[in-house]
Amino acid sequence: MPKEQQKINIDKEKRVFLKPGKTNQEDRINFVKFWANYVRTHSDKEWSKQQNIIINSQIR
Amino acid sequence: MEYNLKNREITLHRIPSELDELVLRFTSIIERYVKYTIISGYISILLGRARATEDVDLFIEFINFEKFKEMYNNLKEEGFWCLNAEDPREIFSFLEEGLAVRFSIEGKPIPNFEVKFPKREIDKGTFEDFLKVHIGGKIIIISSLERQIAFKRYYLKSDKDIEDAIHIEELFKEKIDYEKINKLRRVIESIK
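Basis of the calculations
- Residues numbered from 1 in each chain as written.
- Chains lettered and ligands numbered in written order.
- Predicted model: local features only at pLDDT ≥ 70, side-chain atom pairs only at ≥ 80, totals over all residues.
- Heavy atoms only, no water.
- Salt bridge = Lys/Arg side-chain N within 4 Å of Asp/Glu carboxyl O.
- Helix = DSSP H or I, 4+ residues; strand = E, 2+ residues; numbered from the N terminus.
- Buried < 20%, exposed > 50% of the residue type's maximum accessible area, 1.4 Å probe, protein only.
- Contact = heavy atoms within 4.5 Å.
- Buried area = accessible area lost by both parts, 1.4 Å probe.
- Polar contact = N/O pair within 3.5 Å; in protein donor to acceptor, adjacent residues only side chain to side chain.
- Nonpolar A, V, L, I, M, F, W, Y, C, P; charged D, E, K, R; others polar.
- 1 Å grid on protein atoms, 1.4 Å probe; cavity = no way out; pocket = protein on both sides within 12 Å on 5 of 7 lines; lining within 4 Å.
- Points joined across faces, edges and corners; volume = space filled by probe spheres on them.
- Phe/Tyr/Trp six-rings, centres within 6.5 Å; stacked < 30°, edge-to-face > 60°.
- Lys NZ or Arg CZ within 6 Å of the ring centre and 35° of its normal.
- Core = buried A, V, L, I, M, F, W, Y, C linked by side-chain atoms within 4.5 Å.

**Student:** Would you mind showing me how to read the pattern of salt bridges here?
**Tutor:** One side chain can pair with another of opposite charge once the charged atoms of both are near each other. One pass over the structure, following the stated rule, counts 18 salt bridges over all chains. Between B:D164 and B:R51 there is a salt bridge, with the nearest N and O atoms lying 2.6 Å from each other. On the criterion of sequence distance, the pair formed by B:D164 in helix α7 (residues 159-171) and B:R51 in the loop between α2 (42-46) and β4 (55-60) is long-range, its members being 113 residues apart. When sorted by exposure, B:D164 lands in the same class as B:R51, which is buried. Through salt bridges with shared partners, a single network forms among A:R28, B:R49, B:R51, B:K152, B:D161, B:E163 and B:D164.

Listed below in structure tokens is the structure:
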């Protein structure tokens, strides 16, 4: 199997899916956990680049 | 992100946000005069929570008026102003009454820094178990994660606060001292 294909498969195996909540509150909490897991499993650079879009847009 | 429990330090390799830069700018001034500890929502944001905020809350240890005036003058020189009053004596009297005063970049009310003296014993405890967060070669002092979780879950309790607590719990699952949270919970419930 080509190296690139192997990488795609590994990424697919690692992927965690967000469980839809039955209420707005449950859905929000599920996302908070989903995002916390993303922060835990990705580099600081990767998650902070995304988070900074939210934070920096408020300050400008 | 690395949490060194023994040294009570968190090291972030994140790209500092503009809010982080502002916090560093503000705290680099006040730490010349007084010990501080950041409490509340900004801690979750610093540690990755995907939300914005309009204020950053912090406790400063009690200082006398002369020292406060020096700090206030320095803040003004560096482009901050107080949203509550201009006269340092008046601002200090608010603090002495146990009220919080807010500082922001001159002419820009948000985001702002909500500063107060710790009143209750449990608040004073924030200076005993604080954490150092290393970011961009600088340090931000925050209250312990357990204290954060306990206050958010059992004192503040809004949806936003519960979500902030969940974020920290999920992030540091194995390193959180749940016994300490329960002890703090009992103290919080006794003062309400």
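From this point on, the discussion continues.
**Student:** Looking at this structure, how should I read the interface of chain B and chain A?
**Tutor:** Often, the extent of an interface is quoted as the loss of accessible area upon association of its parts. If you look at the interface, chain B gives 29 residues, while chain A gives 22 residues. When the buried surface of chain B facing chain A is broken down by residue, B:I15, B:E18 and B:E163 rank first, second and third, together holding 25% of it. Remark: the boundary between chain B and chain A carries 2 salt bridges. Residue B:E163 pairs with A:R28 through a salt bridge whose shortest N-O separation is 2.8 Å. Inspection of the chain B/chain A interface yields 13 residue pairs in polar contact (both at pLDDT 80 or more). Top element by residues in the side of chain B that touches chain A is α7(B). It accounts for 6 residues. For the side of chain B that touches chain A, the per-class residue count stands at 13 nonpolar, 6 polar and 10 charged.

**Student:** What exactly am I supposed to notice about the layout of surface pockets here?
**Tutor:** Over the atoms a probe the size of a water molecule is rolled, and this reveals where empty space is left. Residue and element names in this part refer to chain B. Of the pockets and cavities examined, the largest pocket occupies roughly 560 Å³. In terms of lining, the largest pocket is formed by 28 residues, of which the most central are I39, S40, D57, K116 and L156. Breaking the lining of the largest pocket down by element, the ones donating at least two residues are β4, β7 (112-116), α5 (121-124), α6 (145-156) and α7. Looking at side-chain class alone, the lining of the largest pocket contains 9 nonpolar, 7 polar and 12 charged residues.

**Student:** When you look at the environment of B:S28 in this model, what are you seeing that I'm missing?
**Tutor:** Residue and element names in this part refer to chain B. Mapped onto the elements of the fold, S28 is located in helix α1 (residues 18-30). Judged by relative accessible area, S28 falls into the partly exposed class, the value being 29%. Along the primary structure S28 and E97 are separated by 69 residues, whereas in three dimensions their C-alpha atoms are 26 Å apart. In this structure the side chain of S28 is engaged in a polar contact, spanning 2.9 Å, whose partner is the backbone oxygen of R25.

**Student:** I tried to follow the packing of aromatic side chains on my own but got confused; where do I start?
**Tutor:** Each aromatic ring pair is specified by the distance between its two centres and by the angle formed by the two planes. Residues and elements named next belong to chain B. What the rule picks out here adds up to 15 aromatic pairs over all chains. Relative to F103, the ring of Y72 has its centre 6.4 Å away and its plane inclined at 55°; by these criteria the two rings are tilted. Pair noted here: Y72 is in helix α3 (residues 65-77) and F103 is in strand β6 (residues 101-105), with a separation of 31 residues, a long-range link. A single burial state applies to Y72 and to F103, both of which are buried. Between F92 and F117 the ring centres are 6.1 Å apart and the planes differ by 80°, which places this aromatic pair in the edge-to-face class. Here F92, found in helix α4 (residues 88-96), pairs with F117, found in the loop between β7 and α5; they are 25 residues apart in sequence, far enough to count as distant. With respect to burial, F92 and F117 carry one shared label: buried. Taken together, the ring pairs connect F26, F62, F65, F68, Y72, F80, F92, F103, F113 and F117 into an aromatic cluster. The ring of F65 has R89 lying over it, and the distance from NZ or CZ to the ring centre is 3.8 Å.

**Student:** What should I look at first to understand the nonpolar core in this one?
**Tutor:** Across soluble globular proteins, nonpolar side chains show a tendency to be buried alongside one another. Residue and element names in this part refer to chain B. Ranked by size, the top nonpolar core spans 65 residues in total, and within it I38, L58, F103 and I140 carry the most contacts. It is α1 that provides the largest number of residues to this core, a total of 7 residues. In contact with I140, other than residues within four places in its own chain, are V23, L24, Y36, I38, Y42, L46, L131, K132, V133 and I135.

Keep in mind that these numbers describe shape and distance, not what the molecule does.
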